[in-house]
Amino acid sequence: MILEEITMSILTDISENMQRGKAKVVKELVRQAIDQGLPAQQILEEGLLSGMSVIGEKFKNNEIFVPEVLVAARAMNAGSELLKPLLMENGVKASGKVCIGTVRGDLHDIGKNLVKMMMEGKGLEVIDLGVDVAPETYVETAKNEGCQIICCSALLTTTMSVMGDVVKAAETAGIRDQVKIMIGGAPVTEAFCQQIGADKYTPDGATAADTAVALCSGSC
């Protein structure tokens, strides 16, 4: 019972410090948890991911904003770096694989980075293609890496149309039935999503992460 309490205590500490963005403390606590013999999967799920889940909800409800999310995500990454080799050793797989990027002609990346962090916070493996990404690059990455989802971000009305090109490129490559296409960004709407034949539009990073998990598990 006492051991159980110690375990819960350190996992709670990891979660709370991660939410506050205390990267050094999180790294130290994760190291302690590993030294105490806690399974890497448990540290990830009950420490880091549970904390990121709280951040996602608060962000969705406008209780916190982009800067707080970014520092929390940085703290999560500090802890997860220690866990990655252990998780790989144990053969623990991510709950899904996604490639994400800002479309060709658009150099904005804050929204994309936020979505990426939220998705990683849900246990997804995310390949970041950066900005100014050509439709063919999304498709080739999805094909070569076995991604279940392509995520496209645009912040300009002038670059939105490239999202339609991504859908067409996936059709041309013959992978449209194997991959879901998610879109988002300030000027993007549900109507536009339907117009270009994409699968899902989401208005914010937290919703995007939840939707991606649902798509990967086949429940959406």
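Predicted model, so just to flag it, every value in this text is computed and none were measured.

### Regarding the domain arrangement of the protein
What the domain assignment lists for the protein is domain 1 (1-90) and domain 2 (97-218). Facing the 12 residues of domain 1 at the interface are 13 residues of domain 2. Summing both partners gives a buried area of about 1000 Å² for domain 1 against domain 2, and 75% of it is carried by carbon and sulfur. Between Asp210 and Lys60 there is a salt bridge, and its shortest N-O distance comes to 3.0 Å. Counting the contacts that link domain 1 with domain 2 gives 1 residue pair in polar contact (both at pLDDT 80 or more). The set of elements that each furnish at least two residues to the side of domain 1 that touches domain 2 consists of α3 (40-60) and α4 (66-89). Looking at the side of domain 1 that touches domain 2 residue by residue, the classes come out as 8 nonpolar, 3 polar and 1 charged.

### Quick look at the packing of α3 against α4
The N-to-C vectors of α3 and α4 enclose an angle of 165°; their axes lie 10 Å apart at closest approach. Relative to α4, the element α3 lies roughly antiparallel. α4 is crossed by α3, and the crossing has left-handed handedness. Two secondary-structure elements touch here, α3 through Ala40, Gln41, Ile43, Leu44, Leu48, Leu49, Met52, Ile55 and Phe59 and α4 through Val66, Val69, Ala72, Ala73, Met76, Gly79, Ser80, Leu83, Leu86 and Leu87. Its residues assigned to classes, the contact of α3 with α4 comprises 16 nonpolar, 3 polar and no charged.

### Brief notes about unusual backbone geometry
Even without glycine at this site, Asn62 takes up a positive phi of about 60°. Here Asn62 is to be found in the loop between α3 and α4. With a relative accessible area of 56%, Asn62 lands in the exposed category. You will see that Asp132, though not glycine, has its phi angle at about 55°, which is positive. Examined against the element boundaries, Asp132 turns out to sit in the loop between β2 (125-128) and α6 (135-145).

Parameters at a glance
Residues numbered from 1 in each chain as written. Predicted model: local features only at pLDDT ≥ 70, side-chain atom pairs only at ≥ 80, totals over all residues. Heavy atoms only, no water. Domains from an automatic or database assignment. Contact = heavy atoms within 4.5 Å. Buried area = accessible area lost by both parts, 1.4 Å probe. Salt bridge = Lys/Arg side-chain N within 4 Å of Asp/Glu carboxyl O. Polar contact = N/O pair within 3.5 Å; in protein donor to acceptor, adjacent residues only side chain to side chain. Helix = DSSP H or I, 4+ residues; strand = E, 2+ residues; numbered from the N terminus. Nonpolar A, V, L, I, M, F, W, Y, C, P; charged D, E, K, R; others polar. Axes fitted to C-alpha atoms, helices over the stretch in contact; angles between N-to-C directions. Parallel < 35°, antiparallel > 145°, perpendicular 65-115°, else oblique. Left-handed = near helix turned anticlockwise from the far one by under 90°. Buried < 20%, exposed > 50% of the residue type's maximum accessible area, 1.4 Å probe, protein only.

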